[in-house]
Amino acid sequence: MKVRTILSKNIFALPLIAFITLIAGLNCGEKEPELIARPWVNTEYRDLPDSVLRMKAGNNDTLAAMVIGWHFMLREDTAAAAEYLSDYNQNPGQASPPLNYLTGLALIGARRDSVATEYFLPLLGNDEYPHATYYLANLYTKLENYEQALEVYEELDPELWEGIDDSMLVCRAHLGDTASAIEFARKMLEKDKIVKAAPLLTKYVSLERGKSPALWNYLTGMAYYRGNNSMRAAAYLENADADTNFSDLSYYLGLAYYKIEAFDSAASKLDQALELGDSSVNLLKILIESHEIEGDTSEALETCMVGIQLYPEIEDFYVFPSKLYYKNQEFTKLMALVEEGRKHAKNSFKLDAYYAALNFLLGNDSLGNAMVDTLIIKHRYYPRALSQSADLFEQSLGKEDIAERLRAEDPAIRFPKTEDFLFWYYLYKEKDMADSSRKMLENWIENDTATERLQLMKDLYARDFPEFAGKQASDKTE
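1. Things to note about the overall build of the protein
Turning to step 1, where the next piece is worked out: The number of helices and strands found in the protein is 28 helices and zero strands.
Turning to step 2, where the next piece is worked out: For the protein, the spread of C-alpha atoms along the principal axes amounts to about 105 × 75 × 35 Å.
Turning to step 3, where the next piece is worked out: Put simply, 51% of the contacts in the protein that link residues at least 6 apart link residues at least 24 apart.
Turning to step 4, where the next piece is worked out: Entry remark: accessible area of the protein is about 24,300 Å², with carbon and sulfur atoms responsible for 48%.
Turning to step 5, where the next piece is worked out: Each charge class in the protein was averaged separately, 50 positive and 75 negative side chains, and the resulting centres sit 3 Å apart.

If you want it as structure tokens, here you go:
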């Protein structure tokens, strides 16, 4: 176990038990910092009333003074603890280590950081209070005294104190060391701590093209992209792109262009990322949409075919070709596409709707009606699926009766309160959190009082969790 860095945290914001554990130190092995001596706790004085303790402290009994300060801390009155101990201990250079240590802790709790350094400084390198050196370095960093902080951090063993390496990088960065700034920012980006990465990158990486290395521009662009500033992200990523290219750079530059609605540029960079080996689902989806918005039908269609070949189970890649074939009345192509799609993307209501509509267009009304029934049975648990399907039958086929029937079966219309529930239910399932989905559904079933809605949820439970459905029924019977 390593001691964790708390550069700017107020330790007194922690729960009391956690605070006591913290100042007690850690004893995790021969190479770890030793336990902090706490004479203000391990003493018979702790049970004495404050009035008696004050009399003793007035007679220069340091232990009594420390116990009084500790009592204030236990009552979470850190301001009073800091005031009392700093008034009692006015000469930290001559005071005992435990008194200085406790006074420093109280001052940190009262947010009097600058004064707290005066009490930790005499404890620099003290083996009995190793945490004092650690706190002193953190306080200097917080106070932006980076040169002093760096000197103190160098007294600590990075193998024992987790985060010291990063803290030293921060100090060096603020003292003008560009390499340290970039290294720290890179590490923060890897940990998704954008707020810590972006300021240093902005400070050291020029927005002017050709002034900073490509990798630095890429890191800065990524920081802004993740920080949801796509315009600035694109500027830095463009600078990197002028000097080098690799799939991630092209991909994120394409996404940045997409977000600022430069769809032609987005398609160009995403195409490049695809050529460089990135064939992720998201890339293909955004690339298709960019081509579609730009009116480049052939490129959008070609990308859909790539998506179908790589990910035949994903509905999205069938949608654009289906719309295109339907619009152009290329029914043979549409039938082949839909039949193939329904084999793989088995839960696609859009493909099922096109298949039903296509049969009506081809004169197969009986099969079309049967497919409408299938559509309702299969997708009656998905909010808005049947409503969207209804639009197809109403607008392009003029079958208002079918459209009305589909909308009437949509759970979002029948039972409006279920829409949010079903959204989260399916989201959890998609994220492989089936147990959470099941418990959500069980809780709904247990508490629902509307007969038709309850039956819908029971049917959904039987569909998705057949192995539990029988047990639940038997439990109800008992």
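2. Digging into helix H26 (residues 434-447)
Turning to step 1, where the next piece is worked out: Relative to the 20 Å expected for 14 residues at 1.5 Å per residue, H26 spans 20 Å between its end C-alpha atoms, a close match to the ideal helical length.
Turning to step 2, where the next piece is worked out: Within H26, the full set of buried residues consists of Ser-437, Arg-438, Leu-441, Trp-444 and Ile-445. In a view along the axis of H26, the buried residues occupy a sector of 125°, so they form one face of it. When the buried face of H26 is taken as reference, the exposed residues oriented beyond 90 degrees from it are Lys-439, Glu-446 and Asn-447.

3. Here we look at helix H25 (residues 418-430)
Turning to step 1, where the next piece is worked out: Over its 13 residues, H25 runs 18 Å from end to end, which matches the ideal 18 Å to within 8%, given 1.5 Å per residue.
Turning to step 2, where the next piece is worked out: When H25 is considered as a whole, its buried residues turn out to be Thr-418, Phe-421, Leu-422, Tyr-425 and Tyr-426. One side of H25 carries all its buried residues, which in axial view fall inside an arc of 125°. More than 90 degrees from the buried face of H25, the exposed residues found are Asp-420 and Glu-430.
Turning to step 3, where the next piece is worked out: As for H25, its buried residues are in contact with helix H24 (411-414), H26 and helix H27 (451-464).
Turning to step 4, where the next piece is worked out: One or two residues past the end of H25 sits Asp-432, with phi positive at roughly 60°.

4. What to know about the packing of helix H20 (residues 349-361) against helix H22 (residues 385-397)
Turning to step 1, where the next piece is worked out: H22 packs onto H20 with a crossing angle of 25° between their chain directions and a minimal axis gap of 10 Å. One way to sum up the angle between H20 and H22 is to call them roughly parallel. Seen from above, H20 lies across H22 with right-handed handedness. Residue-level inspection shows Phe-349, Lys-350, Ala-353, Tyr-354, Ala-356, Ala-357, Phe-360 and Leu-361 of H20 in contact with H22, the latter providing Ala-385, Gln-388, Ser-389, Leu-392, Phe-393 and Leu-397.
Turning to step 2, where the next piece is worked out: Residues that form the contact of H20 with H22 fall into these classes: 11 nonpolar, two polar and one charged.

5. A few points about the environment of Tyr-204
Turning to step 1, where the next piece is worked out: Note that Tyr-204 resides in helix H11 (residues 194-204).
Turning to step 2, where the next piece is worked out: Of the residues examined, Tyr-204 reaches a relative accessible area of 16% and is grouped as buried.
Turning to step 3, where the next piece is worked out: The spacing of Tyr-204 and Ala-181 is 23 residues in sequence and 7.5 Å in space, taken between C-alpha atoms.
Turning to step 4, where the next piece is worked out: Apart from residues no more than four positions distant in its own chain, Tyr-204 is found in contact with Ala-173, His-174, Gly-176, Asp-177, Thr-178, Ala-181, Ser-212 and Trp-216.

6. Focus: the side chain of Asn-126
Turning to step 1, where the next piece is worked out: With respect to the helices and strands, Asn-126 occurs in the loop between helix H6 (113-120) and helix H7 (130-142).
Turning to step 2, where the next piece is worked out: At 3.0 Å, the side chain of Asn-126 and the backbone nitrogen of Tyr-129 are in polar contact.

7. A few points about the pattern of salt bridges
Turning to step 1, where the next piece is worked out: Summed over all chains, the structure comprises 29 salt bridges.
Turning to step 2, where the next piece is worked out: A salt bridge links Asp-166 to Lys-191, with the nearest nitrogen and oxygen atoms 3.4 Å apart. Here Asp-166 is found in helix H9 (residues 164-174), whereas its partner Lys-191 is found in the loop between helix H10 (178-190) and H11, with 25 residues between them in sequence.
Turning to step 3, where the next piece is worked out: Taking the relative accessible area as the measure of exposure, Asp-166 reaches 11% and is therefore buried.
Turning to step 4, where the next piece is worked out: By relative accessible area, Lys-191 is classed as partly exposed at 45%.

8. Describing the environment of Asn-89
Turning to step 1, where the next piece is worked out: You can see Asn-89 is positioned in the loop between helix H4 (78-88) and helix H5 (97-109).
Turning to step 2, where the next piece is worked out: With relative accessibility at 3%, the residue Asn-89 sits in the buried group.
Turning to step 3, where the next piece is worked out: The sequence separation of Asn-89 and Met-440 amounts to 351 residues, and the corresponding C-alpha distance is 58 Å.
Turning to step 4, where the next piece is worked out: If we ignore the near neighbours within four places in the chain, the residues touching Asn-89 are Ala-95, Leu-99, Asn-100, Thr-103 and Tyr-119.
Turning to step 5, where the next piece is worked out: In terms of polar contacts, Asn-89 uses its side chain to reach the side chain of Asn-100, at 2.9 Å.

9. Structural notes on the confidence of the model for the protein
Turning to step 1, where the next piece is worked out: Looking at the protein as a whole, the pLDDT averages 90, with 91% of positions reaching at least 70.
Turning to step 2, where the next piece is worked out: Contacts for the low-pLDDT stretch residues 1-30, under 50 throughout, to residues beyond four places or in other chains number 74 contacts.

10. Regarding the packing of aromatic side chains
Turning to step 1, where the next piece is worked out: For the coordinates displayed, the defined rule picks out 23 aromatic pairs.
Turning to step 2, where the next piece is worked out: When the centroid spacing of 6.4 Å and the interplanar angle of 20° are considered together, the rings of Tyr-84 and Tyr-88 count as stacked. A residue pair is termed a helical-turn pair when its members lie 3 or 4 positions apart in one helix, as Tyr-84 and Tyr-88 do in helix H4 at four residues.
Turning to step 3, where the next piece is worked out: Under the relative-accessibility criterion, Tyr-84 is labelled buried at 16%.
Turning to step 4, where the next piece is worked out: Looking at Tyr-88, the relative accessible area reads 25%, which means it is partly exposed.
Turning to step 5, where the next piece is worked out: Here Phe-360 and Phe-393 contribute two aromatic rings whose centre-to-centre distance is 6.3 Å and whose plane-to-plane angle is 85°, an arrangement assigned as edge-to-face. Taken together, the residues span a long stretch of sequence, with Phe-360 in helix H20 and Phe-393 in helix H22 at a distance of 33 residues.
Turning to step 6, where the next piece is worked out: Taking the relative accessible area as the measure of exposure, Phe-360 reaches 9% and is therefore buried.
Turning to step 7, where the next piece is worked out: With a relative accessible area of 0%, Phe-393 lands in the buried category.
Turning to step 8, where the next piece is worked out: These aromatic residues form a ring-pair network of at least three members: Tyr-101, Phe-120, Tyr-129, Tyr-134, Tyr-135 and Trp-161.
Turning to step 9, where the next piece is worked out: Over the ring of Phe-360 we find Lys-399; its NZ or CZ atom is 4.6 Å from the centre of that ring.

What counts, and at which threshold
Residues numbered from 1 in each chain as written. Predicted model: local features only at pLDDT ≥ 70, side-chain atom pairs only at ≥ 80, totals over all residues. Heavy atoms only, no water. Helix = DSSP H or I, 4+ residues; strand = E, 2+ residues; numbered from the N terminus. Contact = heavy atoms within 4.5 Å. Areas by Shrake-Rupley, 256 points an atom, 1.4 Å probe, with all protein chains shown as cover. Lys, Arg positive; Asp, Glu negative; His and termini not counted. Charge placed at Lys NZ, Arg CZ, Asp CG, Glu CD. Expected span 1.5 Å × (residues − 1). Buried < 20%, exposed > 50% of the residue type's maximum accessible area, 1.4 Å probe, protein only. Arc of directions from axis to C-beta. Axes fitted to C-alpha atoms, helices over the stretch in contact; angles between N-to-C directions. Parallel < 35°, antiparallel > 145°, perpendicular 65-115°, else oblique. Left-handed = near helix turned anticlockwise from the far one by under 90°. Nonpolar A, V, L, I, M, F, W, Y, C, P; charged D, E, K, R; others polar. Polar contact = N/O pair within 3.5 Å; in protein donor to acceptor, adjacent residues only side chain to side chain. Salt bridge = Lys/Arg side-chain N within 4 Å of Asp/Glu carboxyl O. pLDDT = per-residue confidence, 0-100. Phe/Tyr/Trp six-rings, centres within 6.5 Å; stacked < 30°, edge-to-face > 60°. Lys NZ or Arg CZ within 6 Å of the ring centre and 35° of its normal.

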